[in-house]
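Read off the chains here:
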Amino acid sequence: MHLKTPRRLAALLPILAVSAAVAACGGSDDADFVDGYNKAVAPLNTMMSDLGTTSASDPAAASKSLNQVADGLDEVKTKLAALEPPSDAKDEFDKMLGALDKGTDQVRDMAAAAKSGNIDKLTKATADFSATGTDLASLEQQLRQVVEN
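Residues numbered from 1 in each chain as written. Predicted model: local features only at pLDDT ≥ 70, side-chain atom pairs only at ≥ 80, totals over all residues. Heavy atoms only, no water.

Caption draft 1: Examining the packing of aromatic side chains more closely. Applying the stated criterion across every chain yields a total of 2 aromatic pairs. Judged by centre distance (5.9 Å) and plane angle (50 degrees), the ring pair of phenylalanine 33 and tyrosine 37 falls under tilted. Here tyrosine 37 and phenylalanine 33 lie together in helix 2 (residues 31–41), a separation of 4 residues that amounts to about one turn. Its relative accessible area of 0% is what places tyrosine 37 among the buried residues. Pairing phenylalanine 33 with phenylalanine 93 gives two aromatic rings, centres 5.3 Å apart and planes at 80 degrees, and the pair type is edge-to-face. One end of the pair, phenylalanine 33, is in helix 2; the other, phenylalanine 93, is in helix 5 (residues 90–116), with 60 residues separating them in the sequence. Across the pair, exposure class does not vary: phenylalanine 33 and phenylalanine 93 are buried alike. (Phe/Tyr/Trp six-rings, centres within 6.5 Å; stacked < 30°, edge-to-face > 60°. Helix = DSSP H or I, 4+ residues; strand = E, 2+ residues; numbered from the N terminus. Buried < 20%, exposed > 50% of the residue type's maximum accessible area, 1.4 Å probe, protein only.)

Written as structure tokens, this is what we have:
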């Protein structure tokens, strides 16, 4: 069986990578948060590169790669959760962490669907992840605005 949908994931992950630049312009008062944030999200680029080399025609390999991405997202979330955001950015930051959890679960759903060859489930999980990625990008923008001000 050939799975075509996992290739779409490589196009969706840049939505998460946009978070890597979140606090690049933060003020000096928030320098520790900005630095910690940027370090925490730095692995996202590597995860995307690694996923891009996965063969979509091999369900087991696609599933393994997706699970590795989910594990990486868990690590990023753990590092982010250890940060103390500026007090006026706490709500946006907490929403971002929640969306990251949701996206991680969706990637795990994609991995399970890829492994089982369930194209309908894979398509739905991919669409859900795309929507969550859009939410993450919006939340990232909100966080950036609060941190910059």
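Caption draft 2: Representation of helix 6 (residues 119–148) within the structure. Over its 30 residues, helix 6 runs 43 Å from end to end, which matches the ideal 44 Å to within 8%, given 1.5 Å per residue. Those residues of helix 6 that fall on the buried side of the exposure criterion are Leu122, Ala125, Thr126, Phe129, Thr132, Gly133, Leu136, Leu139, Glu140, Leu143, Val146 and Val147. In this structure asparagine 118 caps helix 6, since a side-chain oxygen of it lies 3.3 Å from the backbone nitrogen of aspartate 120. (Expected span 1.5 Å × (residues − 1). Polar contact = N/O pair within 3.5 Å; in protein donor to acceptor, adjacent residues only side chain to side chain.)

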